[in-house]
Amino acid sequence: MLVIKNRADLVGLKLSNPLHLLAVGFGSGLAPKAPGTFGTLAAIPFYLVLAQLSVSVYVGVLVTATLLGFWCCHQTSRDMGVHDHKAIVWDEFVGFWITMLAAPAGWVWLVIGFVLFRFFDVLKPWPISWLDKHVHGGLGIMLDDVLAGVAALASMQLLAMYLA
């Protein structure tokens with residue numbers, strides 16, 4: 001078992017547990033500062049693979065990743081004894097992948113998608129902020145980032161209509 005030193009806040013986290021490993025974004029959420037940003041960055045290589053899929057298969061992966069996220073984030077949060085611990089970043093993976101659904105190709109659009117998702121995820125405009133405060137468990141952990149991803153997706157598609 002991998003022991004994480006000097007991180008009392010990670011009590012209950014076992015990286016040998018596949019659900020925990022997934023919830024912390026394969027370790028990207030363990031960054032001591034800005035774990036959500038590191039989680040989103042870690043989602044990029046996976047997106048580059050997903051972008052090669054048809055839109056219908058991509059959506060199928062999103063649905064599967066979201067449902068899996070409800071379970072793994074709930075279980076990890078419960079095992080750690082903390083609702084929505086900052087190290088749990090699977091929701092950032094899924095939110096970013098939602099943002100990038102049918103995105104125009106190119107590094108500029110990748111950066112735009114990253115910035116838009118982080119903008120909505122960090123600022124949490126209504127109704128995202130309401131969900132973040134009132135919905136708990138794996139559903140609550142995932143739902144605010146799913147909605148941030150949808151808001152970023154809509155913004156991205158509007159930009160693409162006028163700029164691409």
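All of the points below concern the structure found in this document. (Residues numbered from 1 in each chain as written. Predicted model: local features only at pLDDT ≥ 70, side-chain atom pairs only at ≥ 80, totals over all residues. Heavy atoms only, no water.)

**Quick notes on the side chain of Ser-28**
- Tracing the backbone through its elements, the reader meets Ser-28 in the loop between helix 1 (18-23) and helix 2 (35-50).
- Not counting residues within four places of it along the chain, the set of residues in contact with Ser-28 comprises Pro-35, Phe-38, Gly-39, Ala-42, Val-89 and Phe-93. (Helix = DSSP H or I, 4+ residues; strand = E, 2+ residues; numbered from the N terminus. Contact = heavy atoms within 4.5 Å.)

**Some points on unusual backbone geometry**
- In this chain, Trp-126 is followed by Pro-127 through a cis amide linkage whose omega measures 5 degrees.
- Assignment of secondary structure puts Pro-127 in the loop between helix 5 (107-123) and helix 6 (128-134).
- Unusually for a residue other than glycine, Phe-26 sits at a positive phi of about 60 degrees.
- Structurally, Phe-26 can be placed in the loop between helix 1 and helix 2.
- The exposure class assigned to Phe-26 is partly exposed, which follows from its relative accessible area of 43%. (Buried < 20%, exposed > 50% of the residue type's maximum accessible area, 1.4 Å probe, protein only.)

**Thoughts on a nonpolar patch on the surface**
- A cluster of nonpolar side chains, contributed by Leu-158, Leu-159, Met-161, Tyr-162 and Leu-163, occupies part of the molecular surface with about 580 Å² of accessible area.
- Relative to the helices and strands, Leu-163 resides in helix 7 (residues 137-163).
- Using a relative accessible area of 59% as the deciding quantity, one classes Leu-163 as exposed. (Patch = residues over 30% accessible without salt bridge, like charges linked within 9 Å, V, L, I, M, F, W, Y side chains within 5 Å. Areas by Shrake-Rupley, 256 points an atom, 1.4 Å probe, with all protein chains shown as cover. Salt bridge = Lys/Arg side-chain N within 4 Å of Asp/Glu carboxyl O.)

**Overview of helix 4 (residues 90-99)**
- Burial runs high along helix 4: 10 of the 10 residues are buried.
- When we look at burial in helix 4, the residues that qualify are Trp-90, Asp-91, Glu-92, Phe-93, Val-94, Gly-95, Phe-96, Trp-97, Ile-98 and Thr-99.
- Considering only its buried residues, helix 4 is in contact with helix 1, helix 2, helix 3 (55-80), helix 5 and helix 7.

**Looking at the packing of helix 2 against helix 5**
- Contact pair helix 2 / helix 5: the axes reach a minimum separation of 11 Å and the direction vectors enclose 145 degrees. In this structure, helix 2 meets helix 5 at a crossing whose hand is right-handed. Residues Gly-36, Thr-37, Thr-40, Leu-41, Ile-44, Tyr-47 and Leu-48 of helix 2 form the contact with helix 5, whose own contacting residues are Trp-107, Leu-110, Phe-114, Phe-117 and Arg-118.
- Tallied by class, the residues present in the contact of helix 2 with helix 5 amount to 8 nonpolar, 3 polar and 1 charged. (Axes fitted to C-alpha atoms, helices over the stretch in contact; angles between N-to-C directions. Left-handed = near helix turned anticlockwise from the far one by under 90°. Nonpolar A, V, L, I, M, F, W, Y, C, P; charged D, E, K, R; others polar.)

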